[in-house]
Amino acid sequence: MNVDTQFDVVVIGGGLQGCSVALHLAHEKKRVLIIERDSCGQHASGVNAGGLRRLNRLVEEIPLSMAAQKMWHDIESLVGSDCGFRPTGQVRIASNQEDLATLEERAQKTRLLGYRHEEMINAEALRKMVPAIGNRGVGALICRGDGFADPALTCLAFRLRAEDLGVTIRQGSGVSAIEKNNQNWRVYTGAHSFDAPTIVNCAGAWGDRIAAMAGDHSSLKKTALALMVTARLPHFIDPVIGHASRKLSFKQMSNGTLVIGGALKGILTENQKDTLIDFPQMKESAETVCSFFPFLKDLPVVRCWAGIEGMTPDKLPIIGPGKAGSGVFHAFGFSAHGYQLAPIIGRVMTDLICRGKTEFDLEAFRINRFLP
Amino acid sequence: MLKRLHENSDRKKVTINFEGVQIEVLAGETVAAAVLAAETDYTRTSAISGVHRAPYCQMGICFECLMEIDGVPNRQACMIEVREGMKVNRQHGARGLSDEVSV
Amino acid sequence: MKSLYDLVIIGAGPAGLAAAVAARDFGLSTLVLDEQQIPGGQIYRSIEKALTENTPVLGKDYFHGQKLVERFRQAGADYLPEATIWDLGRDLIVSCLVDNQARQIRARHILIAVGAMERPVPIPGWTLPGVMGAAAADILFKSCDMIPEGPVVLAGSGPLQLLVACRLIDNGVKVAGMVETNGFGDNLKALPHFPGALRVPHYLIKGLSMLWKVRQAGIPAFRNATNLRVEGDESAEALCFDARGKAQKIPAKTILLHEGVVPNLQLTRLLGCEHQWYEPQRYWKPVLDSWGQTSVNGISVAGDAGGVFGAKTAEAAGHLAAIDISSRLQALSAQEKASAAAPLLKERAREMSIRPFLDTVFPPGRQALVPPGNETLVCRCEELTAGQIREAVALGALSPGQVKAQTRAGMGPCQGRMCGLTVAEIIAASRQVPLAEVGHLRVRPPLKPITLGQLAKLEIAE
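Source: prediction; values computed, not measured.

Enquirer: Would you take a moment to explain the overall build of chain C for this structure?
Expert: Scanning chain C from N- to C-terminus turns up 17 helices and 23 strands. In summary, chain C has a C-alpha radius of gyration of 22 Å against a globular reference of 23 Å for 462 residues, a match within 12%. A total of 462 residues make up chain C; the buried ones form 65% of that total. Sequence separation of 24 or more characterises 67% of the internal contacts of chain C that already satisfy a separation of 6 or more. Carbon and sulfur atoms make up 54% of the accessible area of chain C, which totals about 16,900 Å². Side-chain charges of chain C comprise 48 positive and 44 negative groups, with the mean position of each set lying 4 Å from the other.

Enquirer: In this structure, what is going on with the overall build of chain A? I would like to understand it.
Expert: Check the secondary structure of chain A and you find 10 helices and 21 strands. Principal axes of the C-alpha set define a box for chain A whose edges measure 65 × 45 × 40 Å. Taken across its 372 residues, chain A has 58% of its residues classed as buried. Taking the intrachain contacts of chain A between residues at least 6 apart in sequence as the baseline, contacts between residues at least 24 apart amount to 73%. Accessible surface, chain A: about 14,500 Å² in total, of which carbon and sulfur atoms supply 49%. Positive and negative side-chain charges in chain A, numbering 42 and 38 respectively, have mean positions lying 1 Å apart.

Enquirer: Would you explain the state of the cysteines in this entry?
Expert: Every disulfide links exactly two cysteines, by a covalent bond between their sulfur atoms. All names here are of chain A. Tallied over the full model, the rule gives zero disulfides over all chains. Looking at Cys40, it has no disulfide partner, and the nearest cysteine sulfur is the one in Cys19, 4.6 Å off. Judged by its relative accessible area of 16%, Cys40 falls in the buried class.

Enquirer: When you look at the sheet that holds strand β13 (residues 226–231) of chain C in this model, what are you seeing that I'm missing?
Expert: In a beta sheet, neighbouring strands pair by backbone hydrogen bonds and run either parallel or antiparallel. Residue and element names in this part refer to chain C. As summarised here, the arrangement of the three strands in space is β13-β14-β15, forming an open sheet in which the pairing is antiparallel. This sheet does not close on itself; its edge strands, each paired only once, are β13 and β15 (246–251). Averaged over all pairs of adjacent strands, the angle between their axes in this sheet comes to 20 degrees, without regard to strand direction. Pairing of strand β14 (residues 238–243) with β15 involves six bridges; the strand directions are antiparallel. Paired with Cys240 across the two strands is Lys249, which belongs to β15.

Enquirer: I tried to follow the packing of helix α1 (residues 16–27) of chain A against helix α10 (residues 342–355) of chain A on my own but got confused; where do I start?
Expert: The description of two packed helices rests on the angle between their axes and on the distance between the axes. Residues and elements named next belong to chain A. Taken N-terminus to C-terminus, the directions of α1 and α10 make an angle of 50 degrees; their axes are 8 Å apart at the nearest point. On the basis of their axis angle, the class for α1 and α10 is oblique. Like other packed secondary-structure pairs, α1 and α10 cross with a definite hand, here right-handed. Of α10, the residues touching α1 (which contributes Leu16, Gln17, Ser20, Val21, His24 and Leu25) are Ala342, Pro343, Ile345, Gly346, Arg347, Met349, Thr350, Ile353 and Cys354. Split into classes, the residues belonging to the contact of α1 with α10 amount to nine nonpolar, five polar and one charged.

Enquirer: What should I look at first to understand a positive patch on the surface in this one?
Expert: Residues Lys221, Lys247, Lys265 and Lys315 of chain A make up a contiguous surface patch of positive charge. Residue position: Lys265 of chain A is located in strand β16 (residues 258–265).

Enquirer: What should I look at first to understand the domain arrangement of chain A in this one?
Expert: A common measure of how large an interface is: the accessible area buried when the components associate. Residue and element names in this part refer to chain A. Taken domain by domain, chain A holds domain 1 (5–50 + 152–219 + 314–370), domain 2 (90–144) and domain 3 (221–311). Here the C-alpha centroids of domain 2 and domain 3 sit 22 Å apart. With 13 residues of domain 2 at the contact, the number on the domain 3 side is 14 residues. When domain 2 packs against domain 3, the two sides together hide about 1,100 Å² of surface, and 61% of this comes from carbon and sulfur. Area buried by domain 2 at its contact with domain 3 is led by Ile93, Ala132 and Arg136, which between them contribute 37% of it. Where domain 2 touches domain 3, the interface holds zero salt bridges. Run the count over domain 2 and domain 3 and you get seven residue pairs in polar contact (both at pLDDT 80 or more). Of all the secondary-structure elements, those providing two or more residues to the side of domain 2 that touches domain 3 are β4 (90–94) and α5 (97–112). Ranked by residue count, the leading element in the side of domain 2 that touches domain 3 is β4, at five residues.

About the criteria used
Residues numbered from 1 in each chain as written. Chains lettered and ligands numbered in written order. Predicted model: local features only at pLDDT ≥ 70, side-chain atom pairs only at ≥ 80, totals over all residues. Heavy atoms only, no water. Helix = DSSP H or I, 4+ residues; strand = E, 2+ residues; numbered from the N terminus. Rg over C-alpha atoms; globule rule 2.2 N^0.38 Å. Buried < 20%, exposed > 50% of the residue type's maximum accessible area, 1.4 Å probe, protein only. Contact = heavy atoms within 4.5 Å. Areas by Shrake-Rupley, 256 points an atom, 1.4 Å probe, with all protein chains shown as cover. Lys, Arg positive; Asp, Glu negative; His and termini not counted. Charge placed at Lys NZ, Arg CZ, Asp CG, Glu CD. Disulfide = S-S within 2.5 Å. Pairing = 2+ DSSP bridges. Axes fitted to C-alpha atoms, helices over the stretch in contact; angles between N-to-C directions. Parallel < 35°, antiparallel > 145°, perpendicular 65-115°, else oblique. Left-handed = near helix turned anticlockwise from the far one by under 90°. Nonpolar A, V, L, I, M, F, W, Y, C, P; charged D, E, K, R; others polar. Patch = residues over 30% accessible without salt bridge, like charges linked within 9 Å, V, L, I, M, F, W, Y side chains within 5 Å. Salt bridge = Lys/Arg side-chain N within 4 Å of Asp/Glu carboxyl O. Domains from an automatic or database assignment. Buried area = accessible area lost by both parts, 1.4 Å probe. Polar contact = N/O pair within 3.5 Å; in protein donor to acceptor, adjacent residues only side chain to side chain.

The following block contains the structure:
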């Protein structure tokens, strides 16, 4: 079989970021190859909780997050599917005065930076928004227009749109080595090699390995993050629920199931490619959910799973060019909040590659911030 | 849908409430079997299209026998034996919460 | 109840019971966990409360289990009936739910003896009330003294189908048809295995006498049936199929489907044990050494959960596994192990000699493996059709896991027990690759749903 080996850009990693970058590049008529070691969206991209949140986001990420949210509200025009997007809002509940103070401090901070997307509500307004909370909340910080989408559907839609636009995707074989020949990078995968002047590293939890191949030092720790999902139940709640100080995080999906998460740790297997569930962690989460919503105690948990995510020391992603003039770009290490950013990351990387600049300040996301 | 072979065996009779009607069944029977022997042929309606379903495997594999037993939904009726005074209802569609929830 | 046992056995069928008896003989502290109310598994289901009126119909093979259960009751193993296993880890911690209390128990070794399940038979209309597995009807007879309302049609392939037909006849149920998806061609294919089967002539004799009974009862019989479908509005009314060169229709109140049994793999899959594909019956089974040890340390399998060989083989395998585990835990010397095992190895080999013949005479019907039409429901929980699975494959899903992510097939309460094999077969057929290449659904805990309230009150093993 004759295989095309020359591309404009090789994207390493077929998760959501990789597919988003590829499809945006394809709009610019770039010839793009995605190399995916496993299958597209198999890891964090496809198995995360699906929350779309500007609420309580690290301030450095807010500009990107705001732009991404705009794109989510019109996601169908980007990928031809609504990706299960539901703008139900997100709330961060306070149970006592201390929580309230934490949330008010946060609200103050973003207000001073000129943002207006987060707003404090009182107990009564909270009860109106989340009747099921009863008298177990004294107020909340909310963000209207936030919400959630379906990660599996999203990955599928992004991949299909990328393919429609002519992106080539190779799945099932990872990158074993890369080397620079004159203006070209040669990327080795399985028995093949591909050439392109530009490489984008979207390898997620394995992004540090790819960065190292390109000579860029980074710092990334793999973590297994677990979720549980319940049987379907009649619709009882709209917004995505979080909490100021407790590990409470869940949403009711459109199909009626509850997806419960909130930084629950899973267990990474020895090969670092698979995960196990740590039920003592799940127990704690179940206790919290039951203490806030006691009527959920008879709701069956049908399935738990965990995905693998790459966490940076400062929990900020690595976004931007590698070594000057190298033709390598990075977008990885999203530290468990990359799902919402995916649409804008594609645009930012495309701007960097095609125009050499972007409207966003990427200073906080530089890869060389980890240099010793 | 099912028939008892020996209605008059010396097994204890037990009364359960199925869909608001008292029915006499025999001790040792599973809830699924007891209900299917009571001239009914379905035990739940499906979660998505709402069609009638009945137990398929009778050994806890297929989850077609999910019913509401003593107010708790999603119970496997083929794995649970009848008990005097038990309240059994068909499970209609997706049922996650116990009884009526006051939220 | 202890918090740590030498051996925890999951399942109280022939394999689990035999293992428990032997393990106690060798002095191991032993706990048996089982989902049912009383021991016996599905094959000896409810044996301690079988009605004397049913003795002749149940037959002597069933009552073989009586002695085994008695020995188990006297063996001094701890026994937790009505226990739902919802997690099991490589750290040898078993998580179970007993009497509404979730708890964890530690073991030095675990024996999985959870048996087999009927292969799901996805044909159009199989979700209608009035349709169930043939084994399900047998379970109802054994456990509840109940029979299905006639007329009954049996459809599919397998020795159990024959056995159930005979029990229905003996109980006076009107059997309106015996519709087999296998045929004379399969008999011919099985011929080379016939000499092997002659090592256990009593099985062949039992088979022939069952065939004779069905024939004597004058039941309309069809072979090589294809295009099976259940017709009915709110419940089953008839089985339609093609046979003898034309369309057939048999009105019935109850339709019993059967295409053989397959190992129950939820636990070994969850643990990530190595598995192998068994082509004659098209199922996966865990890779085991001759003692039942899996590829995962501390985990053994005995009985049909390791490959379907029937009750007697399971009993011997359970005993052998207990011997091996006792020697691993230093309760038995190498020499004691060898001498205890010798007669059992012989017995098991003899019992197994019928299988190549049976597995070839009764292959699972092609239609049950890969539903030819697109409208057949494959995932009963999430109500997904074969067409929707094919659509996902067309959009690039390569494995059951990817189909699951795209469609939700296998995400319902049964956790893919009912659709897992079919989804994999459809993918393999659509992609025109061997099934082994397609893989299988990843099993995620909890294996059976556990409520948030129960999980919140979990007693964690120290």
